[in-house]
Amino acid sequence: MSEALPFTVLASDGPARRGRLTTAHGIIDTPAFMPVGTAATVKAMRPEEVAATGAQILLGNTYHLMLRPTAERIAELGGLHKFMNWPRAILTDSGGFQVMSLAKLRDISERGVSFRSHLDGTLYALSPERSIGIQHLLGANVTMVLDECTEFPVTPEAASASMERSMRWAERSKAAFLPRPGHGLFGIVQGSVFPVMRLKSVEALTRIGFDGYAVGGLAIGEGQETMFMVIDATVPALPADAPRYLMGVGKPSDLVGAVQRGIDMFDCVLPTRSGRTAQAFTRRGTVNLRNARHAADPRPLDPDCACPACKGFSRGYLHHLARSGEILASMLLTQHNLSYYQELMAGLRAAIERRGLDDFAAAFALQQAQGDLPAL
Ligand SMILES: [Zn+2]
């Protein structure tokens, strides 16, 4: 077990685990969902509101922060926790994924990646060493290795070459990382949708040794069935005493299925981004508040939800806010979506503790399939 970032499995149910990760900024009960705070803010939410949903850890984006306001500026201002007034734990990504998806004129070589900022065209370089250095300046509790994001679909040959490069970068990332108590470094398993390559990647990473292991390169168009197949092929090979993080995932049903397969940590923009486009996640599936059928509806968005958006406001009001483009629509629906995600995780944790995860998952699927409340 990692001494710097201790992880304890408190209970298990099949491959699923109920665990606890201890960081310098508090404990994280797993399975855990990490809201995304891209630019040192979870959009439309105050930090105390994010904490009130139950989140114990946030994700910050290296790519965005290195461009603006820069990691050096954040370090001068006391580090990312102080900068954004979030006293709980923070995980930062390596920046690689956003370089691939947002930056212009990328050039990838063995040394690293150079790219032009999507903001002003300035030329930047990101290497494994630089990415680890930036995350150190930010003060991340969990630092991620820089990896190459393998495109999808991809040939086995290209996937293998990309995975092998990511493993060399993982080794350089480990060498650049400065160990300190309450802070850790996670490796990232690559290998696209090919189980043999995933296992080779796991072997390379466990030989290097990390405080936790992420499964990367999924939820990029392969579909849920294939994603679950890759998780099933990967998780049994990972060390049982280290946390497992499925990057960039996902929908509520993805979280339930991945927890059943032994994943401990998740991040996704879905609950926050959807909250800004009037899409709500509920126990009965997704609800679009812009839909005219909500206009005269006095009922709460989700009658079983205790969040402020559901306790204080009607569907008719949320519909009005969304249609009017009011800022409060984004605030309330983000708050609801994050509350729903955290409550789902709490339900999963309790189900693992009582060894009733399969029943929980079946009830979840049934309720989701029922669909939204019938119109009045
Ligand atoms: Zn709610």
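Please read all numbers here as calculations on a predicted model, not as lab measurements.

Draft legend 1. Representation of the side chain of Asp-267 within the structure. Along the chain, the position of Asp-267 falls in strand E14 (residues 265-267). The side chain of Asp-267 is buried and forms no salt bridge, while Arg-273, the nearest opposite charge, is found at 9.9 Å. In this structure the side chain of Asp-267 is engaged in a polar contact, spanning 2.7 Å, whose partner is the side chain of Tyr-245. A polar side-chain atom of Asp-267 sits 2.8 Å from the main-chain amide nitrogen of Gly-248.

Draft legend 2. Fine view of the coordination of the zinc ion. Note on the zinc ion: its protein donors are Cys-305 (SG), Cys-307 (SG), Cys-310 (SG) and His-336 (ND1). The metal-donor distances range over 2.1 to 2.3 Å. Here the zinc ion binds four donor atoms, and the angle range of 99 to 116° at the metal identifies the geometry as tetrahedral. Donor residues for the zinc ion, ordered by position in the chain, follow C-x1-C-x2-C-x25-H. Cys-307 sits in the buried class, given a relative accessible area of 4%. On the basis of relative accessibility, which here comes to 6%, the residue Cys-310 falls in the buried class.

Draft legend 3. Representation of the layout of surface pockets in the model. Its volume calculated, the largest pocket comes out at about 980 Å³. Phe-97, Gln-98, Gly-248, Asp-267 and Val-269 are the residues nearest the centre of the largest pocket, which is lined by 45 residues in total. The set of elements that each furnish at least two residues to the lining of the largest pocket consists of helix H5 (96-102), helix H9 (224-234) and helix H11 (270-275). With six residues, the single largest contributor to the lining of the largest pocket is H5. Residues that form the lining of the largest pocket fall into these classes: 16 nonpolar, 19 polar and 10 charged. For the second largest pocket, the calculated volume is near 170 Å³. Lining of the second largest pocket is provided by Arg-283, Tyr-340, Glu-343, Leu-344, Phe-360, Ala-363, Phe-364, Gln-367 and Gln-368. Those elements that place two or more of their residues in the lining of the second largest pocket are helix H14 (327-353) and helix H15 (357-370). Looking at the lining of the second largest pocket element by element, the count peaks at five residues for H15. Tallied by class, the residues present in the lining of the second largest pocket amount to five nonpolar, two polar and two charged.

Draft legend 4. A look at the sheet that holds strand E10 (residues 142-144). The strand order across the open sheet formed by eight strands is E4-E14-E13-E12-E11-E10-E6-E5, and the pairing between neighbours is parallel. The sheet is open, and its two borders are formed by strand E4 (32-34) and strand E5 (57-60), each paired with just one other strand. For this sheet the average axis-to-axis angle between neighbouring strands, irrespective of direction, equals 25°. Here E10 runs beside strand E11 (residues 184-189); their pairing, made up of three bridges, is parallel. Looking at E11, one finds that Met-144 is bridged to Phe-186. The strands touched by helix H6 (residues 128-138) within the sheet are strand E6 (89-92), E10 and E11, with E10 carrying the most contacts at an inclination of about 160°.

Draft legend 5. The packing of H6 against helix H7 (residues 156-176), seen in detail. Contact pair H6 / H7: the axes reach a minimum separation of 8 Å and the direction vectors enclose 40°. Accordingly, the angle class assigned to the pair H6 and H7 is oblique. Regarding H6 and H7, the two cross each other, and that crossing is right-handed. Facing Pro-128, Glu-129 and Ile-132 of H6, the residues of H7 in contact are Trp-169, Arg-172, Ser-173 and Ala-176. Broken down by class, the residue content of the contact of H6 with H7 amounts to four nonpolar, one polar and two charged.

Draft legend 6. Structural detail: the packing of aromatic side chains. Inspection of the entire model under this criterion finds seven aromatic pairs. Summarising the aromatic geometry, the rings of Phe-210 and Tyr-213 are spaced 6.1 Å apart at their centres and angled 90° between planes, so their arrangement reads as edge-to-face. We classify Phe-210 as buried; its relative accessible area is 10%. Each ring, one from Tyr-340 and one from Tyr-341, has its centre 6.3 Å from the other, and the planes form 85°; the classification is edge-to-face. Residues Tyr-340 and Tyr-341 agree in their burial class; the two are buried. Connected via pairs of aromatic rings, a cluster forms that spans Phe-33, Phe-281, Tyr-340 and Tyr-341. Above the face of the Phe-210 ring, Lys-174 is positioned so that its terminal group lies 5.9 Å from the ring centre. Seen from the ring of Phe-228, Arg-261 lies directly overhead, with NZ or CZ sitting 4.0 Å from the centre.

Parameters and conventions
- Residues numbered from 1 in each chain as written.
- Predicted model: local features only at pLDDT ≥ 70, side-chain atom pairs only at ≥ 80, totals over all residues.
- Heavy atoms only, no water.
- Helix = DSSP H or I, 4+ residues; strand = E, 2+ residues; numbered from the N terminus.
- Buried < 20%, exposed > 50% of the residue type's maximum accessible area, 1.4 Å probe, protein only.
- Lys, Arg positive; Asp, Glu negative; His and termini not counted.
- Salt bridge = Lys/Arg side-chain N within 4 Å of Asp/Glu carboxyl O.
- Polar contact = N/O pair within 3.5 Å; in protein donor to acceptor, adjacent residues only side chain to side chain.
- Donors = N, O, S within 2.8 Å, 3.2 Å for Na, K, Ca; no water.
- Tetrahedral: all angles 85-135°; square planar, octahedral: opposite > 155°, others 65-115°.
- 1 Å grid on protein atoms, 1.4 Å probe; cavity = no way out; pocket = protein on both sides within 12 Å on 5 of 7 lines; lining within 4 Å.
- Points joined across faces, edges and corners; volume = space filled by probe spheres on them.
- Nonpolar A, V, L, I, M, F, W, Y, C, P; charged D, E, K, R; others polar.
- Pairing = 2+ DSSP bridges.
- Axes fitted to C-alpha atoms, helices over the stretch in contact; angles between N-to-C directions.
- Contact = heavy atoms within 4.5 Å.
- Parallel < 35°, antiparallel > 145°, perpendicular 65-115°, else oblique.
- Left-handed = near helix turned anticlockwise from the far one by under 90°.
- Phe/Tyr/Trp six-rings, centres within 6.5 Å; stacked < 30°, edge-to-face > 60°.
- Lys NZ or Arg CZ within 6 Å of the ring centre and 35° of its normal.

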